[in-house]
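Structural characterization, general
Given next are the chains, with one letter for each unit.
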Amino acid sequence: MDEAALQQALTDTQNLGEMPDADAVGTVGSPDCGDMVRLWIKYKEKDGRKVIDKASFQSFGCQTAIAVASIATELIRGKTKEEALSMSAEELSKPLGPLPPMKIHCGQMVEGALRAALEAESKEPRAKGEESKPQTDQSGTLADALNLAGKTSGKIKIVITS
């Protein structure tokens, strides 16, 4: 992995945070180990095609997961749903160089969150003229999702301080 590229991605993190008006939302991860990524996607029409206008993310995970998510939100901009779905974890993390074996799951989590968002968005067709909304129950923050999972599994506790 290119440590300089990793540090640059962390120093200049792009598109971090919730997107209330997203068209699609996907969450992937394991509350047991604490690694989770949530990805929001917003589309626009461009040249008669529906393309990704912007994406944002939240992550509980290591620096590599945050860096890959940040980079991926930039890489998918301007792509159609099909083009974004065809992107592998390796492509999404390519600007960081090859990930070491113990960090490959970071790219896979981001790919999984992207797929979850894109696939959830397409499950329920919208009526013509209906306003675009996320199609999955992704209410609350990523911390809420982890806390809820922790309550059911008893294996995780998150304390948020200000």
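Quick note: structure is the one above.
Here's what I pulled together on the structure shown here. All figures in this text were calculated on a predicted structure; none of them were measured in a lab. What you see as residue numbers is a count from 1 along each chain, following the sequence as written. Reporting of local features is limited, given that this is a predicted model, to residues whose pLDDT is at least 70; pairs of side-chain atoms are given and counted only at 80 or more, and all residues count toward the totals for whole chains, interfaces and linings. By convention in this description, side-chain values take in all heavy atoms of the structure and omit both hydrogens and water.

Comments concerning the pairing of strand β2 (residues 35-46)
To be explicit about the condition: Summary of the burial criterion: residues with accessible area below 20% of their type's maximum are buried, those above 50% are exposed, and those between are partly exposed, where the area comes from a 1.4 Å probe applied to protein chains only. Secondary structure elements are defined from DSSP: runs of H or I of at least 4 residues count as helices, runs of E of at least 2 residues count as strands, and each element is numbered from the N terminus. Pairing between two strands is assigned when DSSP locates at least 2 bridges connecting them.
Most of β2 is tucked away: 9 of the 12 residues are buried. Where strand β1 (residues 24-30) and β2 come together, 7 bridges link them in antiparallel fashion. Looking across to β2, one finds that T27 is bridged to R38. Pairing of β2 with strand β3 (residues 49-60), which is carried by 11 bridges, proceeds in the antiparallel orientation. Within β3, the position partnered with E45 by the bridge is K50. The antiparallel pairing of β2 with β3 creates a hairpin that spans 2 residues between the two strands, and D47 there sits at a positive phi of about 55°.

Some words on unusual backbone geometry
In the Ramachandran plot, N15 falls in the positive-phi region, its phi being about 60° despite a non-glycine side chain. In this fold, N15 is placed in the loop between α1 (3-11) and β1. Classification of N15 as partly exposed rests on a relative accessible area of 22%.

Quick word on the side chain of D23
Quick reminder of the rule: Think of a polar contact as two N or O atoms within 3.5 Å of one another; within protein, one of them needs to be a possible hydrogen donor and the other a possible acceptor, and neighboring residues in sequence only count if both atoms come from side chains.
When you line up the elements, D23 lands in the loop between α1 and β1. Note on D23: relative accessible area 4%, which makes it buried. Here Y43 takes part through its backbone nitrogen, which lies 2.8 Å from a polar atom of the side chain of D23.

Overview of the packing of α1 against helix α2 (residues 63-75)
How we decide: Helix axes are fitted to C-alpha atoms over the stretch in contact, other axes to C-alpha atoms as well, and angles between N-to-C directions run from 0 to 180 degrees. To sort the angles, those under 35 degrees are grouped as roughly parallel, those over 145 as roughly antiparallel, those from 65 to 115 as roughly perpendicular, and the leftovers as oblique. We call two residues in contact whenever any of their non-hydrogen atoms come within 4.5 Å of each other.
Following both chains from N to C, one finds α1 and α2 inclined at 70°, their axes separated by 9 Å at the closest point. Our classification of the angle between α1 and α2 gives roughly perpendicular. For the pair α1 and α2, the contacting residues are L6, Q7, A9 and L10 in the first and Q63, T64, I66, A67, S70 and I71 in the second.

Description of the sheet that holds β1
Note: strands within a sheet are paired through backbone hydrogen bonds, in either parallel or antiparallel orientation. The strand order β1-β2-β3 describes an open sheet built from 3 strands, whose pairing is antiparallel. One side of each edge strand has no neighbouring strand; the edge strands of this open sheet are β1 and β3. Averaged over all neighbouring strand pairs, the angle between strand axes comes to 20°, with direction disregarded. Taken strand by strand, α2 contacts β2 and β3, and its axis lies near 165° from that of β3.

Some details on the nonpolar core
One broad trend across soluble globular proteins is that nonpolar side chains are buried collectively. Put simply, the test is: The set of buried Ala, Val, Leu, Ile, Met, Phe, Trp, Tyr and Cys residues whose side-chain atoms join them within 4.5 Å is what this entry labels a nonpolar core.
Ranked by size, the top nonpolar core spans 30 residues in total, and within it I41, I76, L92, L96, V110 and L114 carry the most contacts. Those elements that place two or more of their residues in this core are α1, β2, β3, α2 and α5 (104-123). What I76 contacts, discounting residues up to four positions off in sequence, is I52, A55, A84, M87, L92 and L114.

A closer look at the pattern of salt bridges
Note the threshold: Salt bridges are defined as contacts in which a side-chain nitrogen from Lys or Arg sits within 4 Å of a carboxyl oxygen from Asp or Glu.
Per the stated rule, a full pass over the model turns up 5 salt bridges. For E83, the salt bridge goes to R49, with nearest N and O atoms at 3.8 Å. Remark: R49 occurs in strand β3 and E83 occurs in helix α3 (residues 81-85); sequence separation between them is 34 residues. The partner of E111 in a salt bridge is R115, and the shortest N-O contact between them spans 3.1 Å.

Focus: α1
Let me state the cut-off plainly: To be clear, the arc concerns the directions from the helix axis to the C-beta atoms.
Of all the residues in α1, the buried ones are A5, L6 and A9. The buried residues of α1 occupy an angular sector of 100° when the element is viewed end-on, so they sit on one face. Counted as exposed and oriented over 90 degrees from the buried face of α1: A4 and T11. You can read the cap of α1 off the contacts: a side-chain oxygen lies 3.0 Å from the backbone nitrogen of A4, and it is on D2.

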